[in-house]
There are 2 protein chains.
Amino acid sequence: MGAPPGYRPSAWVHLLHQLPRADFQLRPVPSGFAPQEQEYQQALLLVVALAGLGLGLSLIFIAVYLIRFCCCRPPEPPGAKSPPPGGGCVTWSCIAALLVGCTGIGIGFYGNSETSDGVSQLSSALLHANHTLTAIDHLVLEMMERLDEAVRTELTTLEEVLTQRTELVAATRGARRQAEAVAQQLQGLAFWQGVPLSPLQVAEDVSFVEEYRWLAYVLLLLLELLVCLFTLLGLAKQSKWLVIVMTVMSLLVLVLSWGSMGLEAATAVGLSDFCSSPDTYILNLTREETGLGSDILNYYFLCNQAVSNPFQQRLTLSQRALANIHSQLQGLEREAVPQFPSAQKPLLSLEETLNVTEGNFHQLVALLHCRGLHKDYGAALRGLCEDALEGLLYLLLFSLLSAGALATALCSLPRAWALFPPRNPSASCSGSHLSEPFLHARLEPVPHLRSFPSCRRRPH
Amino acid sequence: MGAPPGYRPSAWVHLLHQLPRADFQLRPVPSGFAPQEQEYQQALLLVVALAGLGLGLSLIFIAVYLIRFCCCRPPEPPGAKSPPPGGGCVTWSCIAALLVGCTGIGIGFYGNSETSDGVSQLSSALLHANHTLTAIDHLVLEMMERLDEAVRTELTTLEEVLTQRTELVAATRGARRQAEAVAQQLQGLAFWQGVPLSPLQVAEDVSFVEEYRWLAYVLLLLLELLVCLFTLLGLAKQSKWLVIVMTVMSLLVLVLSWGSMGLEAATAVGLSDFCSSPDTYILNLTREETGLGSDILNYYFLCNQAVSNPFQQRLTLSQRALANIHSQLQGLEREAVPQFPSAQKPLLSLEETLNVTEGNFHQLVALLHCRGLHKDYGAALRGLCEDALEGLLYLLLFSLLSAGALATALCSLPRAWALFPPRNPSASCSGSHLSEPFLHARLEPVPHLRSFPSCRRRPH
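Source: prediction; values computed, not measured. (Residues numbered from 1 in each chain as written. Chains lettered and ligands numbered in written order. Predicted model: local features only at pLDDT ≥ 70, side-chain atom pairs only at ≥ 80, totals over all residues. Heavy atoms only, no water.)

Of the regular secondary structure elements, chain A holds 11 helices and zero strands. Ordered by position in the sequence, the α and β elements of chain A form the string α-α-α-α-α-α-α-α-α-α-α. Expressed as a percentage of its 460 residues, the buried residues of chain A come to 49%. Total accessible area on chain A stands at roughly 22,000 Å², and carbon and sulfur atoms take up 64% of it. (Helix = DSSP H or I, 4+ residues; strand = E, 2+ residues; numbered from the N terminus. Buried < 20%, exposed > 50% of the residue type's maximum accessible area, 1.4 Å probe, protein only. Areas by Shrake-Rupley, 256 points an atom, 1.4 Å probe, with all protein chains shown as cover.)

Here the UniProt-annotated "transmembrane region" (unreviewed entry) positions come out as residues 43-67, 88-110, 214-235, 242-261 and 392-413 of chain A. Here residues 392-413 of chain A is 100% helix and 0% strand, with 30 Å between the C-alpha atoms at its ends. (UniProt positions renumbered as here; feature names shortened; annotations may be inferred.)

Next up on the list: the packing of aromatic side chains. Summed over the entire model, instances satisfying the criterion amount to 27 aromatic pairs over all chains. Taking 5.9 Å as the distance between ring centres and 85° as the angle between the ring planes, the aromatic pair formed by F33(A) and Y40(A) counts as edge-to-face. Ring plane angle 35° and centroid distance 5.3 Å describe the contact between F191(B) and F311(B), whose orientation is recorded as tilted. Of this pair, F191(B) sits in the loop between helix 4 (166-187) and helix 5 (199-237) while F311(B) sits in the loop between helix 8 (294-302) and helix 9 (312-336), placing them 120 residues apart in sequence. In this pair, the class of F191(B) matches that of F311(B), namely buried. Through a chain of ring-to-ring contacts, three or more aromatic side chains come together here, namely F191(A), W192(A), Y299(A), Y300(A) and F311(A). (Phe/Tyr/Trp six-rings, centres within 6.5 Å; stacked < 30°, edge-to-face > 60°.)

Another point: helix 10 (residues 344-368) of chain B. Over its 25 residues, helix 10 of chain B runs 35 Å from end to end, which matches the ideal 36 Å to within 8%, given 1.5 Å per residue. A large share of helix 10 of chain B lies buried, amounting to 18 of its 25 residues. (Expected span 1.5 Å × (residues − 1).)

This paragraph deals with empty space enclosed by the protein. In the structure shown here, the tally under the stated rule is eight cavities of 30 Å³ or more. Quantified by volume, the largest cavity comes out at close to 220 Å³. The wall of the largest cavity is formed by 18 residues, among which A366(A), R371(A), G372(A), R371(B) and G372(B) lie closest to the centre. Elements supplying a minimum of two residues to the lining of the largest cavity: helix 3 (87-161), helix 10 (344-368) and helix 11 (370-418) of chain A together with helix 3 (87-161), helix 10 and helix 11 (370-418) of chain B. For the lining of the largest cavity, the element with the most residues is helix 11 of chain B, which contributes four residues. Looking at the lining of the largest cavity residue by residue, the classes come out as six nonpolar, eight polar and four charged. (1 Å grid on protein atoms, 1.4 Å probe; cavity = no way out; pocket = protein on both sides within 12 Å on 5 of 7 lines; lining within 4 Å. Points joined across faces, edges and corners; volume = space filled by probe spheres on them. Nonpolar A, V, L, I, M, F, W, Y, C, P; charged D, E, K, R; others polar.)

To continue, consider the environment of Y217(B). With respect to the helices, strands and loops of the structure, Y217(B) is situated in helix 5. A C-alpha to C-alpha distance of 22 Å links Y217(B) and L53(B), two positions 164 residues apart in sequence.

So, on to the state of the cysteines. Applying the stated criterion to the full structure yields four disulfides over all chains. Disulfide pairing places C275(A) opposite C385(A) at an S-S distance of 1.9 Å. Its torsion about the S-S bond being -80°, the disulfide of C275(A) and C385(A) is classed as left-handed. Here C385(A) lies in helix 11 and C275(A) lies in helix 6 (residues 240-276), a separation of 110 residues in the sequence. In this model, C303(B) is linked to C370(B) through a disulfide, with the two sulfur atoms separated by 2.0 Å. The sign of the 60° torsion about the S-S bond sets the C303(B)-C370(B) disulfide as right-handed. Highlighted residues: C303(B) in the loop between helix 8 and helix 9 and C370(B) in helix 11, separated in sequence by 67 residues. Its relative accessible area of 5% is what places C303(B) among the buried residues. Residue class for C370(B) comes out buried when judged on its relative accessible area of 4%. Take the cysteines of chain A that form disulfides and number them in order along the sequence; they join up as 1-4, 2-3. (Disulfide = S-S within 2.5 Å.)

A few words now on the pattern of salt bridges. All names here are of chain B. Scanning all chains against the criterion turns up 24 salt bridges over all chains. Two residues, D273 and R21, come together in a salt bridge whose shortest N-O distance is 2.7 Å. Taken together, the residues span a long stretch of sequence, with D273 in helix 6 (residues 240-276) and R21 in the loop between helix 1 (11-17) and helix 2 (38-71) at a distance of 252 residues. Residue class for R21 comes out buried when judged on its relative accessible area of 8%. Among the ionic pairs, R152 bridges to E149, the shortest N-O distance being 3.3 Å. One end of the pair is R152 and the other is E149, both in helix 3 and three residues apart, which spans about a single turn. Relative accessible area serves as the criterion here: at 40%, E149 is assigned to the partly exposed category. (Salt bridge = Lys/Arg side-chain N within 4 Å of Asp/Glu carboxyl O.)

Right, let's get into unusual backbone geometry. Located in the positive-phi region is C303(A), a residue other than glycine, with phi close to 50°. Phi is positive for L26(B), which is not a glycine, with a value near 60°. Of note, L26(B) is situated in the loop between helix 1 and helix 2.

Residue and element names in this part refer to chain B. Structurally, L395 is set in helix 11. Judged by its relative accessible area of 0%, L395 falls in the buried class. With residues up to four places along the chain from it excluded, the contact list for L395 reads G108, G111, N112, T115, R213, Y217 and E264. (Contact = heavy atoms within 4.5 Å.)

To continue, consider the packing of helix 7 (residues 278-290) of chain A against helix 8 (residues 294-302) of chain A. The description of two packed helices rests on the angle between their axes and on the distance between the axes. Residue and element names in this part refer to chain A. At a minimum axis distance of 10 Å, the contact between helix 7 and helix 8 shows a crossing angle of 140°. Taken together, the axes of helix 7 and helix 8 are oblique relative to one another. The handedness of the crossing between helix 7 and helix 8 is right-handed. Contacts between helix 7 and helix 8 involve D279, I282, L283, T286, R287 and T290 on the former and, on the latter, S294, L297, N298, F301 and L302. (Axes fitted to C-alpha atoms, helices over the stretch in contact; angles between N-to-C directions. Parallel < 35°, antiparallel > 145°, perpendicular 65-115°, else oblique. Left-handed = near helix turned anticlockwise from the far one by under 90°.)

With that settled, consider the nonpolar core. Counting 155 residues, the largest nonpolar core has F191(A), L162(B) and F191(B) as the members making the most contacts within it. At 17 residues, helix 3 of chain B tops the list of elements feeding residues into this core. If we skip the residues at most four places from it in the chain, F191(B) touches L133(B), I136(B), L292(B), I296(B), Y300(B), F311(B) and L368(B). Residues L220(B), L221(B), V243(B) and F420(B) belong to the second largest nonpolar core, which totals 18 residues. (Core = buried A, V, L, I, M, F, W, Y, C linked by side-chain atoms within 4.5 Å.)

Attention now goes to the confidence of the model for chain A. All names here are of chain A. Put simply, chain A has an average pLDDT of 84, and 87% of its residues get 70 or more. Here residues 79-83 scores under 50 on pLDDT; set against residues more than four positions off or in separate chains, the count is three contacts. Every residue in residues 424-460 scores below 50 in pLDDT, and together they form 82 contacts with partners more than four places removed in sequence or on other chains. Across the assembled chains, the prediction reports ipTM 0.77 with pTM 0.82. (pLDDT = per-residue confidence, 0-100.)

A surface patch of nonpolar side chains, about 650 Å² in accessible area, is lined by F208(A), V209(A), Y212(A), W214(A), L215(A) and L219(A). Mapping W214(A) onto the fold places it in helix 5 (residues 199-237). (Patch = residues over 30% accessible without salt bridge, like charges linked within 9 Å, V, L, I, M, F, W, Y side chains within 5 Å.)

This part is about the environment of L19(A). Considering the arrangement of structural elements, one finds L19(A) in the loop between helix 1 (11-17) and helix 2 (38-71). Between the C-alpha atom of L19(A) and that of V269(A), which follows or precedes it by 250 residues, the distance is 8.4 Å.

See below:
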């Protein structure tokens with residue numbers, strides 16, 4: 001009868017959690033989540049630095065490749081008009097790379113939406129928890145006010161009416177004491193009152209950050225998509241300036257891709273450490289932030305048979321006091337009403353109050369039970385550690401694919417544009433095979449040009 | 001302090017719900033969800049039939065287009081070796097159509113995973129509800145057994161020990177009566193006992209169907225992806241037999257796409273009707289299936305301030321009886337233990353039982369409260385009516401894109417293959433521009449062929 005099956009770390013969490021971590025001196029760092037410790041921060045920064053290294057290496061590779069291509073190409077036989085062999089291969093490898101990039105963009109959109117889903121699950125769980133906590137406070141306040149009102153008005157009236165019979169006055173005073181005891185016990189149940197941490201605020205902060213993260217990724221993905229499409233268009237139209245602009249843009253997007261890869265990898269590693277055993281970290285953090293006792297936090301964060309309800313005693317005492325008030329009111333009704341008919345009205349009103357209070361008490365018991373809040377905790381963890389982490393891994397795959405595709409494109413594009421025919425008035429409108437779909441059909445027969453201005457033809 | 005914000009119909013639900021529906025005689029059908037009514041079934045079947053009509057029209061269009069192309073092409077000038085104009089346009093429109101198809105496949109994969117997410121959310125909510133319902137039954141059974149055991153052993157021992165003092169025996173008997181009353185009240189709280197409907201079974205059925213639906217879509221998507229890729233390969237290698245096989249496969253996938261579109265549209269329409277006001281339908285269905293009272297079902301399905309807890313009275317009576325037992329035991333401890341020390345052991349054991357029962361009672365109150373089950377209901381509805389419906393709309397978009405792309409490809413492919421050069425030994429290895437990336441680079445210089453076997457060159 002414990003809590004229903006909650007959060008379990010996924011295989012990805014285990015896998016990422018088992019990767020070795022090291023600080024700047026390359027000393028191994030334990031993989032427990034400790035974002036305050038300098039060593040751990042260094043380990044995460046090292047993951048970012050690895051992506052920087054990857055960027056540097058790929059830039060060096062591209063530079064070396066292009067310099068080799070520019071300076072070391074075999075001397076053309078004098079008078080040879082045909083472009084160097086492998087031109088088609090260059091264009092097609094460029095197109096293939098851009099298509100891989102487009103696949104990566106698709107994966108990136110999916111990953112971005114998955115991450116967004118996970119984070120919105122987290123913030124909706126926080127909102128739900130906030131609702132429960134404020135509902136507890138309000139309910140306790142409402143019950144206390146109701147009891148206080150009953151003590152001040154009906155019980156006082158009753159005492160005044162029954163003033164002639166001491167034992168009835170004593171019973172009324174007994175009920176008053178019990179009601180005051182209930183109010184006092186209830187006060188201790190509003191455990192979130194005055195706590196400086198607001199899940200609502202946390203949810204709003206998380207949503208705010210996530211909104212900008214989502215937007216940044218959408219912009220990056222759209223930028224890369226535009227670069228891919230315009231590069232394809234440039235290749236198809238053999239437009240040199242478009243290809244040059246897109247080469248520069250590709251370089252920019254390559255840098256952004258490696259940068260986002262570093263951030264994603266570090267976040268994924270940190271998240272996997274957090275997600276492999278979140279309870280301890282969250283418990284400590286919440287204890288520091290809220291100042292609540294361990295018994296209450298353990299009850300809500302663990303919520304199993306081993307942890308007893310910290311409110312059990314208060315609830316039982318309140319419940320007994322309410323039952324006692326009820327039996328005292330019953331006694332009074334039996335004894336007093338025949339003699340003092342004016343006591344009936346306050347007695348009925350008191351019983352009504354008691355019934356409502358008992359109903360509210362059951363609602364309070366339900367709200368205070370760990371089931372609801374623990375389920376929110378599990379949903380928040382699942383959102384963060386399953387959906388968001390999965391989305392992050394998809395984004396990592398996107399960055400990887402796009403870095404590879406852009407590096408290949410950057411190697412191929414200058415070679416491809418070197419193969420473009422020189423712009424001259426007669427050739428500027430002729431187009432090529434690739435450019436055909438982009439031009440208007442010209443149906444009037446034009447005499448065939450012998451030297452077709454295409455560089456993608458391989459000699460046979 | 002009501003239930004936290006639950007399910008709200010989305011804009012898509014409203015939009016789809018407002019579409020007009022008609023039966024086979026084209027009489028308007030009200031858009032309330034009524035799957036048992038013949039009229040409503042006819043309205044959904046009409047949606048499927050619309051997709052069939054679309055398939056028929058697109059097949060007729062393709063046939064007319066191809067017949068027109070075959071029979072009515074302008075007579076070639078005698079001796080003209082060059083292919084007809086617009087060949088490049090045909091190939092490129094074919095490639096563009098296949099790329100649109102590939103985009104559709106990406107959207108389809110996303111939609112399939114989204115639908116799967118939604119349905120798994122539904123079944124996990126059902127599993128959670130099942131957990132709560134069985135937990136209530138087990139808890140009630142456990143409490144009743146515990147009370148029964150206490151009545152049979154400790155209270156009987158106590159009566160035997162205190163047999164000399166009649167008023168103490170009377171108090172013990174009072175406690176026994178109260179315990180029996182609690183057990184009887186508890187029995188009425190296990191409201192799901194003997195109910196023939198098992199949410200676990202429903203969840204398993206839903207997961208089973210969803211598994212096959214998911215698999216069928218993945219197979220369809222992979223089939224279409226393979227058709228797209230092999231068609232592109234066939235065009236690139238100018239392989240006539242591959243293009244012919246892929247044309248036939250495209251026809252098959254076109255039929256499957258229109259078929260799935262019909263099913264998706266009908267499901268989306270039905271789901272929107274269900275989702276626009278699910279409470280009434282679900283309430284009636286559950287009432288029929290379970291035979292439970294309206295008060296209980298309203299309490300769990302609506303869970304707002306207006307609906308009172310149907311177990312309130314039983315809970316209050318049990319609570320009062322437990323409090324009475326406690327005060328009687330306290331009285332007995334005060335009165336009896338000094339005179340009968342052997343009464344202490346059963347009294348302590350009884351108090352222990354009472355404490356455990358009161359703890360369990362609070363857990364029962366929490367489980368019985370509508371919050372938990374209503375949250376599961378909301379999660380199930382959100383899974384079905386937000387995620388699954390959204391995924392279904394993505395799948396609809398996939399079917400639409402793929403039907404359009406395949407129809408275009410089917411129009412273009414026969415024209416493209418008619419433009420392929422005839423297979424002859426000298427041309428079979430020569431390839432074309434498109435085929436270049438697929439062939440090994442042949443670096444040895446080969447003399448240029450004048451009549452390049454490509455049909456995608458436009459005369460200038």
